[in-house]
Amino acid sequence: MTARLERVRFAEVDIKSAFFDSLKRDYLEFADWFRTKGKEQAYVMQDEATLLGFMYLKLESGPVTDVEPQMPAARRLKVGTLKIDAHGSRLGQRFIKKALDHAISEGVTELYITVFPKHFTLIALLQEFGFTQYGAKTSANGTEVVLVKSLSSLTGSPRLDYPRFRILGNRKFILPIQPKWHTQLFPDSILASESYDVVADVAHTNSIDKCYICFMDASEVSPGDLLVIYRTSDSRGPAEYRSVVTSICTAEDIRFKRSFVSRDEFLEYSEKASVFDRGELLSMWDAVRQQEMVVVRMLYNAALTKRLIRKTLVEDVGVARDAYPGFLELTDQQLEAILKLGGVDASLVVN
């Protein structure tokens, strides 16, 4: 099903929806609070009239005094409300990515959220992407856990430090993907010429984790390497103008056919983060060239704010015009040019 993640005013959202019933039970003041926010905006995902997710973000600059221990004054982003209708589509990852994208665009140093301990699945997901337990918040509604994510300190783990990524010490490669798969896998990198209707509420679209399956030589790619997503031409015009760089990812794991002990292990590893359905995955497993099959798991770090056409890659970045884009290695200087020309926020880049 098609579902849009967009910002809307509170007044446009139906507080009477059953989606909000659990929030009304957890927070006695929720309905009154919601009505006072009429002109403010929140991120929502819905499929037609069905609400699937809701997130309210609030910029703060002063100290946070209603938690223990108190938090000193800083420019930070509070995830004031986050609720996901979990239905196996990894929608939680999509909202976490949006909160982090919002934080980066606002130039904040950290994010925080308060969550009741019973929501252990959400807490585990937040911790997976670098949120750590800071303290507690006690109110008439009970005691919540306070989780904080720093955007200024680093752990060295691509997942915990997400969405930031490191240039030095890692190799960089162009990774081609056909247009028919591109936007389903990288929804925040949709092109202006595409319809949002192609973005479905499914696991591979919503997830930060992406799974790329191919039959190319990937022996030089290692975990931590950066992958520059290259949407190949749609054949509606010269490739010089129709092939574009759209996104930056970090390789987390590279698996070859021989590393899977069974077909079922391959399916479990690949299915939720891949654009291919089970039948297509089984065809790949049984393909004549099956021993050449490569599965790359990666993190979707950033969408370029300005897509770079192939002509720009050749003339301004220095990629050879006759170079085949399959796992084509880039220099540090070429990647830095792509990031600059593509308008990637400098705070995402760790040198």
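Predicted model only: the values in this text are computed from it and were never measured.

Caption draft 1: Here's a closer look at the layout of surface pockets. Put simply, the largest pocket is a space of about 1100 Å³. Only helix H1 (21-26), helix H2 (30-36), strand S3 (50-60), strand S4 (76-84), helix H3 (91-106), strand S5 (110-115), helix H4 (120-128) and strand S6 (132-139) provide two or more residues apiece to the lining of the largest pocket. Among the elements that make up the lining of the largest pocket, the one with the highest residue count is S4 (7 residues). Taken together, the residues of the lining of the largest pocket sort by class into 17 nonpolar, 13 polar and 16 charged.

Caption draft 2: Looking closely at the packing of helix H10 (residues 310-317) against helix H11 (residues 332-341). Relative to each other, H10 and H11 sit at 125°, their axes nearing to 11 Å. Considering their axes alone, H10 and H11 lie oblique with respect to each other. For the pair H10 and H11, the crossing hand works out as right-handed. Between H10 and H11, the contacting residues are Thr312, Leu313, Asp316 and Val317 on the first element and Gln334, Ala337, Ile338 and Leu341 on the second.

Caption draft 3: Up close: the packing of aromatic side chains. All chains considered together, the criterion is met by 20 aromatic pairs. Considering the side-chain rings of phenylalanine 10 and tryptophan 33, the 5.7 Å spacing of their centres and the 80° angle between planes classify their relative orientation as edge-to-face. Placement of phenylalanine 10 in the loop between strand S1 (4-9) and H1 and of tryptophan 33 in helix H2 is noted, with a sequence separation of 23 residues between them. Ring geometry for tryptophan 33 versus tyrosine 56: centroids 5.6 Å apart, planes at 70°, classification edge-to-face. Taken together, the positions of tryptophan 33 in helix H2 and tyrosine 56 in strand S3 put the pair 23 residues apart, joining distant regions of the chain. A relative accessible area of 4% means that tyrosine 56 is categorised as buried. Within the aromatic cluster, the residues linked to one another by ring pairs are Phe10, Phe19, Phe20, Phe30, Trp33, Phe34, Phe54 and Tyr56. When the ring centre of tyrosine 43 is taken as origin, the NZ or CZ atom of arginine 7, which lies over that ring, is 5.3 Å away. Against the face of tyrosine 269 rests arginine 255, its NZ or CZ located 5.0 Å from the ring centre.

Caption draft 4: Spotlight on the sheet that holds strand S10 (residues 209-214). Taken in spatial order, the 6 strands line up as S10-S13-S12-S11-S9-S14 in an open sheet, and their pairing is mixed. Unpaired on one side and paired on the other, S10 and strand S14 (328-330) mark the two borders of the sheet. On average, adjacent strands in this sheet sit at an angle of 40° to one another, irrespective of strand direction. The sheet contact formed by strand S11 (residues 226-231) and strand S12 (residues 244-256) spans 6 bridges and is antiparallel. Each bridged residue has a counterpart across the sheet, and for isoleucine 229 the counterpart in S12 is serine 247.

Caption draft 5: How the structure looks around the pattern of salt bridges. Taken as a whole, this structure holds 19 salt bridges when the rule is applied. Of the charged contacts, one joins aspartate 26 and lysine 118 as a salt bridge, the two residues approaching to 2.7 Å between their closest N and O atoms. Here aspartate 26 is found in helix H1, whereas its partner lysine 118 is found in the loop between S5 and H4, with 92 residues between them in sequence. Relative accessible area serves as the criterion here: at 11%, aspartate 26 is assigned to the buried category. A salt bridge links glutamate 220 to arginine 171; the nearest nitrogen and oxygen atoms lie 3.0 Å apart.

Caption draft 6: Up close: H11. All of the buried residues along H11 are Gln334, Leu335, Ala337, Ile338 and Leu339. Once H11 ends, the next one or two residues include glycine 343, with phi positive near 70°.

Thresholds, definitions, all that
- The residue numbers shown here count from 1 along each chain, following its written sequence.
- Where local features are concerned, this predicted model is filtered to residues with pLDDT of at least 70; where side-chain atom pairs are given and counted, the filter is 80 or more; whole-chain, interface and lining totals use all residues.
- With hydrogens and water excluded, all non-hydrogen atoms of the structure serve as input to the side-chain values.
- For cavity detection a 1 Å grid was placed over the protein atoms alone, and a set of points counts as a cavity when a 1.4 Å probe fits there but cannot get out; an open set counts as a pocket when protein lies on both sides within 12 Å along at least five of seven lines, with lining residues being those that have an atom within 4 Å of a point.
- Grid points are joined across faces, edges and corners, and a volume is the space filled by probe spheres set on the points.
- A run of H or I in DSSP becomes a helix once it reaches four residues, and a run of E becomes a strand once it reaches two; helices and strands are each numbered from the N terminus.
- Residue type decides the class: Asp, Glu, Lys and Arg count as charged, Ala, Val, Leu, Ile, Met, Phe, Trp, Tyr, Cys and Pro as nonpolar, and the leftover types, Gly among them, as polar.
- Angles run from 0 to 180 degrees between N-to-C directions of axes, and those axes are lines fitted to C-alpha atoms, restricted for helices to the stretch in contact.
- Angular relationships are summarised with four words: roughly parallel below 35 degrees, roughly antiparallel beyond 145, roughly perpendicular across 65 to 115, and oblique for the angles in between.
- Handedness of a helix crossing follows the sense of rotation of the near helix relative to the far helix, less than a right angle counterclockwise being left-handed and clockwise being right-handed.
- Throughout, a contact is declared for two residues whenever any of their heavy atoms are within 4.5 Å.
- Under the pairing criterion, centres of Phe, Tyr and Trp rings, with the six-membered ring standing for Trp, must be within 6.5 Å; the plane angle then separates stacked pairs below 30 degrees from edge-to-face pairs above 60, leaving the rest tilted.
- Relative accessibility decides the category of a residue: with a 1.4 Å probe and only protein chains considered, values under 20% of the type maximum give buried, values over 50% give exposed, and everything between is partly exposed.
- Only when the NZ atom of a Lys or the CZ atom of an Arg is both within 6 Å of the ring centre and within 35 degrees of the ring normal do we say a charge sits over the ring.
- Two strands make a pair as long as DSSP finds a minimum of two bridges between them.
- A side-chain nitrogen of Lys or Arg and a carboxyl oxygen of Asp or Glu constitute a salt bridge if their distance falls within 4 Å.

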